[in-house]
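Letter by letter, the chains look like this.
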Amino acid sequence: MEKSHQNFCSQGCSEPSNLVSEDGKNTKSVVCQLCGSKVLCPGMAVFAEKRVFLPSLKKNINQSDGTLDGDTLTAHWLVDDMYTFENVGFTKDVGKIKYLICADCEIGPIGWHNLDDKKCFYIALDRVKHV
Ligand SMILES: [Zn+2]
C-alpha cells in the first residue's frame, strides 16, 4: 500500500488524479499561475487528452510572431462554451487558432480554441494553477 501523497508532479504530472473527479471534471478552481485570476470554477470543465503544441508562456503573445519555442501538451480542460469561463482573454487569430490568455495579466497562451470548432475551448493543465 502506497500512502505517500507527497509526490505530486514528481513523475511528470501524467496522472492528475487528484485534479479530476470520478465523472472527469475539475475538482479545483483553475487560476492564472502568475496573478491568480480565476479562469474556471470547480466542476465546469472536462478532462481531455489531446496533443497540442503551445508557444511558451509569456506576456504580450500578440506581439511575438515567428518564434517556435513551446511545449507539446497533452492534458487539457475542455469547455464547450466561452461563457463558462470566469475570466479569460483571447489573442487575435493565428490561422484558425485563437490562444486563450489570462484576462488580467495577459500571460499566455494558457489554452487554445479552434475557429472551426465553436464548442471546444481547451485550457492546458500545465499552464495554470489549481487551488
Ligand atoms: Zn494572470
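Further up the page is the structure itself.
All values reported here derive from a predicted model rather than from experimental measurement. (Residues numbered from 1 in each chain as written. Predicted model: local features only at pLDDT ≥ 70, side-chain atom pairs only at ≥ 80, totals over all residues. Heavy atoms only, no water.)

Observations concerning the coordination of the zinc ion
Item 1. Looking at the zinc ion, the protein donor atoms are Cys-32 (SG), Cys-35 (SG), Cys-102 (SG) and Cys-105 (SG), and they sit 2.2 to 2.3 Å from it.
Item 2. One way to put it: the 4 donor atoms around the zinc ion meet at angles of 105 to 115°, and that makes the site tetrahedral.
Item 3. Going along the chain, you hit the donors of the zinc ion in the pattern C-x2-C-x66-C-x2-C. Separated by 73 residues along the polypeptide, Cys-32 in strand S1 (residues 30-32) and Cys-105 in the loop between strand S7 (97-101) and strand S8 (107-108) bring together distant segments of the chain. (Donors = N, O, S within 2.8 Å, 3.2 Å for Na, K, Ca; no water. Tetrahedral: all angles 85-135°; square planar, octahedral: opposite > 155°, others 65-115°. Helix = DSSP H or I, 4+ residues; strand = E, 2+ residues; numbered from the N terminus.)

Things to note about unusual backbone geometry
Item 1. Between Gly-108 and the following residue, Pro-109, the backbone shows a cis peptide bond with an omega angle of -5°.
Item 2. Considering the arrangement of structural elements, one finds Pro-109 in the loop between S8 and strand S9 (111-114).
Item 3. Here the phi dihedral of Glu-106 falls at roughly 65°; this positive angle occurs in a residue that is not glycine.
Item 4. In this fold, Glu-106 is placed in the loop between S7 and S8.
Item 5. You can call Glu-106 partly exposed: its relative accessible area is 41%. (Buried < 20%, exposed > 50% of the residue type's maximum accessible area, 1.4 Å probe, protein only.)

Observations concerning the nonpolar core
Within soluble globular proteins, side chains that are nonpolar tend to cluster in buried spots.
Item 1. Counting 17 residues, the largest nonpolar core has Val-30, Val-39, Leu-40, Trp-77, Phe-85 and Ile-123 as its most contacted members.
Item 2. Secondary structure elements with two or more residues in this core: strand S2 (38-40), strand S5 (70-79) and strand S10 (121-124).
Item 3. Here this core takes 3 residues from S5, the largest share from any one element.
Item 4. Those residues in contact with Val-30 that sit more than four places away from it in its chain are Ser-37, Lys-38, Val-39, Leu-40, Trp-77, Ile-123, Val-128, Lys-129 and His-130.
Item 5. Core analysis: the next-biggest nonpolar cluster, separate from the first, contains 11 residues, Ile-61, Leu-73, Ile-101 and Cys-120 among them. (Core = buried A, V, L, I, M, F, W, Y, C linked by side-chain atoms within 4.5 Å. Contact = heavy atoms within 4.5 Å.)

Regarding the packing of aromatic side chains
Item 1. Per the counting criterion, the structure on display carries 4 aromatic pairs.
Item 2. On the numbers, 6.1 Å between centres and 85° between planes, the contact of Phe-85 with Phe-121 is edge-to-face. In this pair, Phe-85 is assigned in the loop between S5 and strand S6 (89-90) and Phe-121 in strand S10, connecting sequence segments 36 residues apart. By the burial criterion, Phe-85 is buried, and Phe-121 matches it.
Item 3. Pairing Phe-90 with Phe-121 gives two aromatic rings, centres 6.1 Å apart and planes at 65°, and the pair type is edge-to-face. Taken together, the residues Phe-90 in strand S6 and Phe-121 in strand S10 connect sequence positions 31 residues apart.
Item 4. The rings of Phe-85, Phe-90 and Phe-121 are connected pair by pair, giving a single aromatic cluster. (Phe/Tyr/Trp six-rings, centres within 6.5 Å; stacked < 30°, edge-to-face > 60°.)

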